[in-house]
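Now for the letters of each chain:
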Amino acid sequence: VQGWLKLASLCRKTGKLHMCYKAISKLLRGTGDDGGMLLLAPSVDPKITLAWIKYLWATDQRKQAMEALHVMTRDQRGSSAIQARCHLKAGLWLQEKDEQLNPDLLSAILHAYRNATQLDTKWYKAWHHWALFHFDL
């Protein structure tokens, strides 16, 4: 599983989105899911779900990606490390979403970064983005 997830991540980051889709689909073979919201089912590995959510974002299906990420964090699927990654992505995507940071959006971003640092206190990326965001304020 880890190797396919790494392949999907590398494909997504290099713009090879079709290959990313194929790698994630390979992981889902046998689950009967075609990559829809059923990926949020408890039977699917949260790492695979997160990879699919990142794929959605990369393919400009941003509303779906944010909704799925919200469901995943609300239901607290996966370990605290996975949850931290979900909150960090939510903060990054909210920050990317709008250049004009209104008070509600600002609060949501700060909340996401704070949750990421609390869920995985030793994860440097969460602390790094938390600090950068505070510096930019």
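What you are looking at is a predicted structure, and each value in this text was computed from that prediction instead of being measured.

What counts and how
- Residues numbered from 1 in each chain as written.
- Predicted model: local features only at pLDDT ≥ 70, side-chain atom pairs only at ≥ 80, totals over all residues.
- Heavy atoms only, no water.
- Helix = DSSP H or I, 4+ residues; strand = E, 2+ residues; numbered from the N terminus.
- Expected span 1.5 Å × (residues − 1).
- Buried < 20%, exposed > 50% of the residue type's maximum accessible area, 1.4 Å probe, protein only.
- Contact = heavy atoms within 4.5 Å.
- 1 Å grid on protein atoms, 1.4 Å probe; cavity = no way out; pocket = protein on both sides within 12 Å on 5 of 7 lines; lining within 4 Å.
- Points joined across faces, edges and corners; volume = space filled by probe spheres on them.

## Details of helix α4 (residues 62–74)
In step 1: End to end, α4 covers 18 Å across 13 residues, agreeing with the expected 18 Å (1.5 Å per residue, within 8%).
In step 2: Taken together, the buried positions of α4 are A65, A68, L69, V71, M72 and T73.
In step 3: Tucked inside the fold, the buried residues of α4 contact α3 (46–58) and α5 (80–97).
In step 4: The first or second residue beyond α4 is Q76, which carries a positive phi of 50°.

## Brief notes about the layout of surface pockets
It is the rolling of a water-molecule-sized probe over the atoms that shows where space remains empty.
In step 1: Put simply, the largest pocket is a space of about 680 Å³.
In step 2: Contributing to the lining of the largest pocket are 20 residues, with S9, K13, L50, K54 and R85 lying nearest its centre.
In step 3: Those elements that provide at least two residues to the lining of the largest pocket are α1 (2–13), α3, α5 and α7 (124–136).
In step 4: With seven residues, α1 is the largest single contributor of residues to the lining of the largest pocket.
In step 5: Its boundaries defined by the atoms lining it, the second largest pocket holds a volume of some 280 Å³.
In step 6: Looking at the second largest pocket, it is lined by 14 residues, and the ones nearest its centre are L69, H70, T73, H87 and A90.

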